[in-house]
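# Residue-level structure breakdown
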Amino acid sequence: MERREEQPGAAGAGAAPALDFTVENVEKALHQLYYDPNIENKNLAQKWLMQAQVSPQAWHFSWQLLQPNKVPEIQYFGASALHIKISRYWSDIPTDQYESLKAQLFTQITRFASGSKIVLTRLCVALASLALSMMPDAWPCAVADMVRLFQAEDSPVDGQGRCLALLELLTVLPEEFQTSRLPQYRKSLVRASLAVECGAVFPLLEQLLQQPSSPSCVRQKVLKCFSSWVQLEVPLQDCEALIQAAFAALQDSELFDSSVEAIVNAISQPDAQRYVNTLLKLIPLVLGLQDQLRQAVQNGDMETSHGICRIAVALGENHSRALLDQVEHWQSFLALVNMIMFCTGIPGHFPVNETTSSLTLTFWYTLQDDILSFEAEKQAVYQQVYRPVYFQLVDVLLHKAQFPSDEEYGFWSSDEKEQFRIYRVDISDTLMYVYEMLGAELLSNLYDKLGRLLTSSEEPYSWQHTEALLYGFQSIAETIDVNYSDVVPGLIGLIPRISISNVQLADTVMFTIGALSEWLADHPVMINSVLPLVLHALGNPELSISSVSTLKKICRECKYDLPPYAANIVAVSQDVLMKQIHKTSQCMWLMQALGFLLSALQVEEILKNLHSLISPYIQQLEKLAEEIPNPSNKLAIVHILGLLSNLFTTLDVSHHEDDHEGSELRKLPVPQGPNPVVVVLQQVFQLIQKVLSKWLNDAQVVEAVCAIFEKSVKTLLDDFAPMVPQLCEMLGRMYSTIPQASALDLTRQLVHIFAHEPAHFPPIEALFLLVTSVTLTLFQQGPRDHPDIVDSFMQLLAQALKRKPDLFLCERLDVKAVFQCAVLALKFPEAPTVKASCGFFTELLPRCGEVEPVGKVVQEDGRMLLIAVLEAIGGQASRSLMDCFADILFALNKHCFSLLSVWIKEALQSPGFPSARLSPEQKDTFSQQILRERVNKRRVKEMVKEFTLLCRGLHGTDYTADY
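Small disclaimer: the values here were computed from a predicted structure and weren't measured.

The next subject is the overall build of the protein chain. Broken down by element type, the protein chain carries 44 helices and four strands. Each principal axis of the C-alpha distribution contributes one length, and for the protein chain these read about 105 × 90 × 60 Å. Within the protein chain, the proportion of its 963 residues that are buried is 54%. Counting contacts in the protein chain only where the partners sit at least 6 residues apart, residues at least 24 apart contribute 73% of the total. Of the roughly 42,500 Å² of accessible surface on the protein chain, 51% is carried by carbon and sulfur atoms. Across the protein chain, the 76 positively charged side chains and the 109 negatively charged ones have centroids separated by 6 Å.

Here it is in structure tokens:
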């Protein structure tokens, strides 16, 4: 074979000398990789070695690197190189060399049977890959041959060494099959061949596992081998003897983990549910592990209890439907369910004392789904059996959700606390799901328990118990409509009786009140029972998230019933804001809560409250506006602007009339005069301009200013109208001085809401023309450093075409320059920018007929657009963007058919365009397909996906599997 000259990083400074792929140079590079302290040298060596592995010379040096006098690291590289050559470059191997390659690998495996285990494994993987490539035609009985060859008595290696080497080879064979890159039709053939070959494997494994003389290491290897083979979906009945042997092996602590893995893999294969008789035989085997499970729990042996639980859950979760169908065996399945219940309620706190209970939660979902999927009669029978089980489950889950004692919890690490939090969320989700089966009786059950607990005078109750019951309520009320529940009034009455002595309990009380906010809106008389608790909690920084989010929910859901409490809520909120008790995000939530609250008041009341609420911040902002910009006053400015924009996000004194069919947004007029938000914005407009003048070059401050107006526009819609002229003027000045994406995004909002109204068109048009002119200048200077601006500009242009195409009729708009800039944006590496540019063209092309300047530019420069689209499809753009480019092609075909039919033929005639991998026939087929399809956009997307794979040389490869 021809030798290639390769150099590791020869271009870099201090690079290694020019190296050829010889044994000596490979060894030098390996030494550099393992022992050179310099990370750059290691990286260079690794890169060079990767090239060496795929070079033609690898066939030569690999065998030499396997010589007995080499160290294991070098031998391992040799074995890995062989595997890569066989698995990825099989087509390079002449068929007449298959047998010699096979023989050489057998020889090496025999030699390494008593050598390095990591090298042995790589050699086994290489031979497995060879076998998969030759099966079934070139090597029909591959597995039987392997077994026969390794059982031969004339081998120099001792029996145990040969046995372990054979087991290693048989273990990696199915694993290599699962990860192989075989084409789909070959994969099916080889899978069928392996299914037949398991007849040569299982008897051997059974013999070795049941043979008293088999050493532990051999038995362990047998279990791993079995575990590997069952993943090929071997019929469960063929595995019966080995599964039973694996159950027996669970008594041996050395074999326990391997036995669990084998049993779980065998039971979990999707095909197993067809073998109901075998599954029924497994139930007694699993139930027979209960003594071992209890013993393990008693001894604190978490590994054993975890393993046994995995087996019980694997059988129950994967086959509950098949086993429930066997009505005559209902008692044995119920016994299995009770065993899983024991695993759910295993003593100790997750994740510190046990890690098993979390494994069982999905089982309860599956069992419930299966019971509820039966026809009415059968379902009624099973409901009778399993409703008590599910009530017991609720008790068990709430017990498991309990916090440990304060002292114990104090010793937990932050990681353990986080795991416990996630575990409680999983329990919460399970309880919510269980509600579907148990219904209102579940809430009554929880309420009775909580009532008894809080009213019992016999013994003091633990806060943990109370908290868990409330947590159960909260879990259900958060997602289930409890408005018709007859126990919620009693619960609301009980909440003030809870003696809150603990942060966790206080948090849950808050979240429970929040979950009941919709109920409170329907029963406003009860608000006064819980609101004082929430307002009191606002002052505690430890309850920040729960108290603020609960107040926000109450203010959102109950705003029309809150005016009597408004003064108190505003006063308490102002107090905690001024004392800076909460972090930034909670302060923003609190402002949103106040926005909801104020929305329901009379305008005079709103203005009065706004004045007292905002004045301190306005005074602070006036002071900051005078200061020289520095990092600390920037943070304060952004914080104040953030508070204002969050307040204006939710302060909405009129009701939206949302037409869900279209995108038109209308509002009922405000009957009481000017909108309070507009009044405040007009008052602070000069101040905001003053702040801006000093901070124009800071993207964060500009963004915060734009956010105030953007959120106000979104909330107020038409009510924002009085602010339009002055805001357009300010935006124009801002953008002319320093272009920023946030200013374009706000311009887009204004275009969306006001451009179609004649009164507002002049200022909107002036702003649109100004930002377009400034952005076009930016393109001339080099837009690559501003992908965010280009992205927002493309979205603005698309919005203008969608809402007011007349903007493109203005003589001062250079439509040709806009078009060319958008074509340039299609070539950006940033996916969002490319998507936005494609979106612009899909809005522009349908306007060819109705907007004369658009039609003219498409006629003159449309070919340039098509070339850019074809280049992208040809490989210059990410494959994930192909649908966007397909949309442009579809629009061109639909609206500019006669032009496209000429352009596409001319463009594809160029040799090597859009890819050198394409034949003239393939290009011709593509153009014909595209031109034919003017109705079905999905078909065009499929054609483009197919064509881009051909262009990239990926058609028919593994890379297309998920595409």
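Once that is clear, we can look at the UniProt feature "domain: Importin N-terminal" (unreviewed entry) in the protein chain. UniProt tags residues 45-111 as "domain: Importin N-terminal" (unreviewed entry). Taken end to end, residues 45-111 comprises 73% helix and 0% strand; its first and last C-alpha atoms sit 29 Å apart.

Let us look at the nonpolar core. Ranked by internal contacts, the top residues of the largest apolar core, which has 336 residues, are Trp229, Tyr386, Phe709, Phe720, Phe808 and Phe885. Sorting elements by how many residues they give to this core places helix 6 (residues 117-134) first, with 12 residues. Excluding residues within four positions of it along the chain, Phe720 makes contact with Val678, Leu681, Phe709, Ser712, Val713, Leu727, Leu750 and Phe754. In this structure, Leu30, Phe61, Ile74 and Phe77 belong to the second largest nonpolar core, which totals 14 residues.

In this model, helix 39 (residues 831-844) (14 residues) spans 20 Å end to end at C-alpha, consistent with the 20 Å of a helix rising 1.5 Å per residue. The elements touched by buried residues of helix 39 are helix 37 (787-803), helix 38 (815-825), helix 40 (852-876) and helix 41 (882-895).

Note that the residue after Phe350, namely Pro351, is joined by a cis bond; omega there is 0 degrees. Note on placement: Pro351 falls in the loop between helix 16 (330-344) and helix 17 (361-372). The omega angle of the peptide bond from Phe913 to Pro914 is 0 degrees, so this bond is cis rather than trans. With respect to the secondary-structure elements, Pro914 resides in the loop between helix 42 (897-909) and helix 43 (920-932).

Glancing now at the side chain of Ser599. With respect to the helices and strands, Ser599 occurs in helix 29 (residues 584-599). Ser599 gets classed as buried once you look at its relative accessible area, which sits at 7%.

Across the protein chain, the average pLDDT comes to 90, with 94% of residues at or above 70. Overall, residues 656-670 carries pLDDT values under 50, and its contacts beyond four positions in sequence, including any with other chains, amount to 28 contacts. Every residue in residues 957-963 scores below 50 in pLDDT, and together they form 14 contacts with partners more than four places removed in sequence or on other chains.

With that settled, the discussion passes to the packing of helix 2 (residues 39-54) against helix 4 (residues 72-88). As a packed pair, helix 2 and helix 4 sit with axes 8 Å apart at the nearest point and diverge in direction by 55 degrees. If you check the angle between helix 2 and helix 4, you find them oblique. As for how helix 2 packs across helix 4, the hand of that crossing is right-handed. Contacts between helix 2 and helix 4 involve Leu49, Gln53 and Val54 on the former and, on the latter, Phe77, Ser80, Ala81, Ile84 and Lys85. When its residues are assigned to classes, the contact of helix 2 with helix 4 shows five nonpolar, two polar and one charged.

A few words now on helix 43. Here helix 43 is 13 residues long and its end C-alpha atoms lie 18 Å apart, about the 18 Å a rise of 1.5 Å per residue gives. Of all the residues in helix 43, the buried ones are Lys923, Phe926, Ser927, Ile930 and Leu931. Projected onto a plane normal to the axis of helix 43, the buried residues spread over an arc of 125 degrees and lie on a single side. Exposed side chains of helix 43 directed beyond 90 degrees from the buried face belong to Glu921 and Arg932. For helix 43, the elements touching its buried residues are helix 40, helix 41, helix 42 and helix 44 (937-952).

So, about the environment of Ser114. Inspection of the secondary structure assignment puts Ser114 in the loop between helix 5 (98-112) and helix 6. Distance in space between the C-alpha atoms of Ser114 and Val381 is 61 Å, their sequence separation being 267 residues.

Take Pro853: it is sitting in helix 40. For Pro853, a relative accessible area of 22% translates into the label partly exposed. Distance from Pro853 to Ala567, taken between C-alpha atoms, is 58 Å for residues 286 residues apart in sequence. Once residues within four sequence positions are removed from consideration, Pro853 is found in contact with Phe808, Leu809 and Val815.

Let us look at the packing of helix 39 against helix 41. Contact geometry of helix 39 with helix 41 gives a least axis separation of 9 Å together with a crossing angle of 15 degrees. Our classification of the angle between helix 39 and helix 41 gives roughly parallel. Remark: the crossing between helix 39 and helix 41 carries left-handed chirality. Of the residues in helix 41, those touching helix 39 at Val834, Lys835, Cys838, Phe841 and Thr842 are Cys884, Phe885, Asp887 and Ile888. Considering only residue class, the contact of helix 39 with helix 41 consists of six nonpolar, one polar and two charged.

Quick look at the pattern of salt bridges now. Using the criterion set out here, one finds 35 salt bridges in the structure. Here Arg556 and Glu557 are joined by a salt bridge, their closest N and O atoms 3.2 Å apart. Classification of Glu557 by relative accessible area gives partly exposed; the value is 28%. Salt-bridge contacts for Asp887 lead to Lys941; the nearest nitrogen and oxygen are separated by 3.7 Å.

Mapped onto the fold, Ser305 is located in helix 15 (residues 302-324). Assessed through its relative accessible area of 5%, Ser305 is described here as buried. Those residues in contact with Ser305 that lie beyond four places of it in its chain are Leu293, Ala296, Val297, Ile346 and Thr356.

Next up on the list: the packing of aromatic side chains. One pass over the full model with this rule turns up 25 aromatic pairs. Centre to centre, the rings of Phe363 and Trp364 are 4.9 Å apart; their planes meet at 70 degrees, and the pair counts as edge-to-face. Their ring planes at 35 degrees and their centres at 4.6 Å tell us that Tyr365 and Tyr433 sit as a pair that is tilted. Here Tyr365 is found in helix 17, whereas its partner Tyr433 is found in helix 20 (residues 414-438), with 68 residues between them in sequence.

Our next topic: the environment of Leu438. Counting through the fold element by element, Leu438 comes out in helix 20. You can call Leu438 buried: its relative accessible area is 3%. Between the alpha carbons of Leu438 and Glu168 there is a distance of 51 Å; along the sequence they are 270 residues apart. Aside from chain neighbours lying at most four places away, what touches Leu438 is Arg387, Tyr390, Phe391 and Val394.

Okay, the state of the cysteines next. Under the counting rule described, the total for this entry stands at zero disulfides. Between Cys587, a free cysteine, and Cys555, which holds the nearest cysteine sulfur, the sulfur-to-sulfur gap is 15 Å. Overall, Cys587 belongs to the buried group, its relative accessible area being 5%. Free of any disulfide, Cys728 has its nearest neighbouring cysteine sulfur in Cys706, separated by 12 Å.

Parameters at a glance
- Residues numbered from 1 in each chain as written.
- Predicted model: local features only at pLDDT ≥ 70, side-chain atom pairs only at ≥ 80, totals over all residues.
- Heavy atoms only, no water.
- Helix = DSSP H or I, 4+ residues; strand = E, 2+ residues; numbered from the N terminus.
- Buried < 20%, exposed > 50% of the residue type's maximum accessible area, 1.4 Å probe, protein only.
- Contact = heavy atoms within 4.5 Å.
- Areas by Shrake-Rupley, 256 points an atom, 1.4 Å probe, with all protein chains shown as cover.
- Lys, Arg positive; Asp, Glu negative; His and termini not counted.
- Charge placed at Lys NZ, Arg CZ, Asp CG, Glu CD.
- UniProt positions renumbered as here; feature names shortened; annotations may be inferred.
- Core = buried A, V, L, I, M, F, W, Y, C linked by side-chain atoms within 4.5 Å.
- Expected span 1.5 Å × (residues − 1).
- pLDDT = per-residue confidence, 0-100.
- Axes fitted to C-alpha atoms, helices over the stretch in contact; angles between N-to-C directions.
- Parallel < 35°, antiparallel > 145°, perpendicular 65-115°, else oblique.
- Left-handed = near helix turned anticlockwise from the far one by under 90°.
- Nonpolar A, V, L, I, M, F, W, Y, C, P; charged D, E, K, R; others polar.
- Arc of directions from axis to C-beta.
- Salt bridge = Lys/Arg side-chain N within 4 Å of Asp/Glu carboxyl O.
- Phe/Tyr/Trp six-rings, centres within 6.5 Å; stacked < 30°, edge-to-face > 60°.
- Disulfide = S-S within 2.5 Å.

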